[in-house]
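Survey of secondary and tertiary structure
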Amino acid sequence: MAAPSEQAASPSHPVPSEQTVEEVVRKQLGDALGGVRGMLEAAVPTIAFTVLFLTLHDLRLAITVSLAAAGVLLAVRLVQRSSVQFVLNALFGIGIGALFAWRAARGGGDEGEQALAYFLPGLIYNAAYATLMVLTIVVRWPLVGFIVGSVAGDPTAWHADRSVVRLCTKLTWLLALPCVLRVAVQAPVYLAGTNGWWSTGSAVAALGVAKLVMGWPLQVACLAGMVWVLTRNRTPVATPAP
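Remember, predicted model here, so these are calculated numbers, not experimental data.

Another aspect to go through is the overall build of the protein. The secondary structure content of the protein amounts to nine helices and zero strands. Its helices and strands taken in sequence order, the protein reads α-α-α-α-α-α-α-α-α from the N to the C terminus. Burial status across the protein gives 39% buried among its 242 residues. In the protein, once contacts between residues fewer than 6 apart in sequence are set aside, the share between residues at least 24 apart is 74%. As displayed, the protein offers around 12500 Å² of accessible surface, 66% of which is attributable to carbon and sulfur atoms.

With 22 residues, helix H4 (residues 85-106) should reach 32 Å at 1.5 Å per residue; the first-to-last C-alpha distance of 31 Å fits that figure. Taken as a whole, H4 has its buried residues at Phe86, Val87, Ala90, Ile94, Gly97, Ala98, Ala101 and Ala104. The arc that holds every buried residue of H4, seen down its axis, measures 110°, which confines them to one face. Pointing more than 90 degrees away from the buried face of H4 are the exposed residues Phe92, Arg103 and Arg106.

Moving on to the packing of helix H5 (residues 111-138) against helix H8 (residues 200-213). Their axes nearest at 9 Å, the elements H5 and H8 cross at an angle of 30°. One way to sum up the angle between H5 and H8 is to call them roughly parallel. Crossing geometry of H5 relative to H8 is assigned as left-handed. Counted together, Gly112, Glu113, Ala115, Leu116 and Phe119 of H5 and Thr200, Ala203, Val204, Leu207, Gly208 and Lys211 of H8 form the full contact between these two elements. Split into classes, the residues belonging to the contact of H5 with H8 amount to six nonpolar, three polar and two charged.

The topology assignment puts Ser66 in helix H3 (residues 59-80). Relative accessible area serves as the criterion here: at 0%, Ser66 is assigned to the buried category. Setting aside chain neighbours within four positions, we find Ser66 in contact with Pro45, Ala48, Phe49 and Ile94.

Okay, the UniProt feature "transmembrane region" (unreviewed entry) in the protein next. When the UniProt feature table is mapped to this numbering, "transmembrane region" (unreviewed entry) covers residues 36-55, 61-79, 86-105, 117-139, 171-191 and 203-230. The span residues 117-139 carries 96% helix and 0% strand; its end-to-end C-alpha distance comes to 34 Å.

Right, let's get into the environment of Leu223. One can find Leu223 in helix H9 (residues 216-230). Spatially, the C-alpha atom of Leu223 lies 7.5 Å from that of Leu175, the residues being 48 residues apart in sequence.

Let us look at a negative patch on the surface. Together, Asp58, Asp110, Glu111 and Glu113 make up a negatively charged patch on the protein surface. Along the chain, Glu111 turns up in helix H5.

Taken as a whole and assessed by the stated rule, the structure comprises five aromatic pairs. Both rings, one in Tyr125 and one in Tyr129, keep their centres 5.7 Å apart while their planes meet at 15°; by these two values the pair is stacked. Here Tyr129 and Tyr125 lie together in helix H5, a separation of four residues that amounts to about one turn. Relative accessible area serves as the criterion here: at 28%, Tyr129 is assigned to the partly exposed category. Where Trp141 meets Phe146, the ring centres are 6.0 Å apart and the plane angle is 20°; that geometry is what we call stacked. On the basis of relative accessibility, which here comes to 34%, the residue Phe146 falls in the partly exposed class. Members of the aromatic cluster, joined through ring pairs, are Trp141, Phe146 and Trp158.

What follows deals with the confidence of the model for the protein. For the protein, mean pLDDT is 79; residues scoring 70 or higher make up 81% of the total. Predicted confidence in the protein is weakest over helix H1 (residues 21-33), with a mean pLDDT of 65, and strongest over helix H7 (residues 162-194), with 92. Counting contacts from residues 1-16, a segment whose pLDDT is below 50, to residues more than four positions away or on other chains yields 30 contacts.

A word on the state of the cysteines. Within the structure shown, the criterion is met by zero disulfides. A disulfide-free cysteine, Cys179 has its sulfur positioned 9.1 Å from the sulfur of Cys222, the nearest such atom.

Together, Arg140, Arg162, Arg166, Lys170 and Arg232 give the surface a local cluster of positive charge. Its place among the elements puts Lys170 in helix H7.

What counts, and where the lines are drawn
Residues numbered from 1 in each chain as written. Predicted model: local features only at pLDDT ≥ 70, side-chain atom pairs only at ≥ 80, totals over all residues. Heavy atoms only, no water. Helix = DSSP H or I, 4+ residues; strand = E, 2+ residues; numbered from the N terminus. Buried < 20%, exposed > 50% of the residue type's maximum accessible area, 1.4 Å probe, protein only. Contact = heavy atoms within 4.5 Å. Areas by Shrake-Rupley, 256 points an atom, 1.4 Å probe, with all protein chains shown as cover. Expected span 1.5 Å × (residues − 1). Arc of directions from axis to C-beta. Axes fitted to C-alpha atoms, helices over the stretch in contact; angles between N-to-C directions. Parallel < 35°, antiparallel > 145°, perpendicular 65-115°, else oblique. Left-handed = near helix turned anticlockwise from the far one by under 90°. Nonpolar A, V, L, I, M, F, W, Y, C, P; charged D, E, K, R; others polar. UniProt positions renumbered as here; feature names shortened; annotations may be inferred. Patch = residues over 30% accessible without salt bridge, like charges linked within 9 Å, V, L, I, M, F, W, Y side chains within 5 Å. Salt bridge = Lys/Arg side-chain N within 4 Å of Asp/Glu carboxyl O. Lys, Arg positive; Asp, Glu negative; His and termini not counted. Charge placed at Lys NZ, Arg CZ, Asp CG, Glu CD. Phe/Tyr/Trp six-rings, centres within 6.5 Å; stacked < 30°, edge-to-face > 60°. pLDDT = per-residue confidence, 0-100. Disulfide = S-S within 2.5 Å.

Here you go:
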């Protein structure tokens with residue numbers, strides 16, 4: 001894969017300011033996650049719900065406070081005229097979870113069953129996301145590679161360079177790892193609660209703790225692993241010929 005300086009840029013495909021694949025991915029991941037602030041905005045409402053429900057056992061209060069927390073974060077973003085993407089993501093997740101809990105209540109479920117229902121959308125999301133990323137690895141078109149392609153100007157040219165494919169495969173595994181671990185740990189607990197193998201209270205408590213431990217801390221740990229990988233190599237970014 002040739003370095004940008006070896007090829008001329010065309011008006012439709014300018015040379016990216018980042019000179020290596022590692023720099024491209026670091027920048028794109030930073031934009032996608034919103035930095036520390038974006039991750040906190042996504043985590044705070046969920047943490048508020050989990051802690052309140054585990055301590056007060058009041059599903060309605062936990063949902064109300066978590067939505068209020070997201071609303072405050074949204075208001076701050078609007079006042080600052082900055083991106084509201086990460087707050088809206090949190091609001092969407094809470095809203096979907098609340099909808100599932102409401103449906104469980106309408107179906108005659110008790111408070112424990114409603115709380116279990118709240119955790120179901122997160123499990124579905126993580127399972128779908130993990131499946132998608134692992135599938136891209138299996139077919140040897142790792143998802144992170146398309147981040148490189150979006151900056152280089154050609155969405156598929158990166159695939160011709162085996163070193164870039166290997167790097168993107170490692171990074172995609174690290175990106176998928178939190179989702180895979182969450183499903184591996186939380187799905188059996190959810191099934192145990194819904195099938196009566198555990199009491200719903202025990203299952204909800206275990207899911208709440210797992211959600212806290214395997215949420216932001218696990219994501220940060222995996223991102224740290226990605227940063228470590230990205231600081232070891234310097235793979236040139238190729239730009240398409242004019």
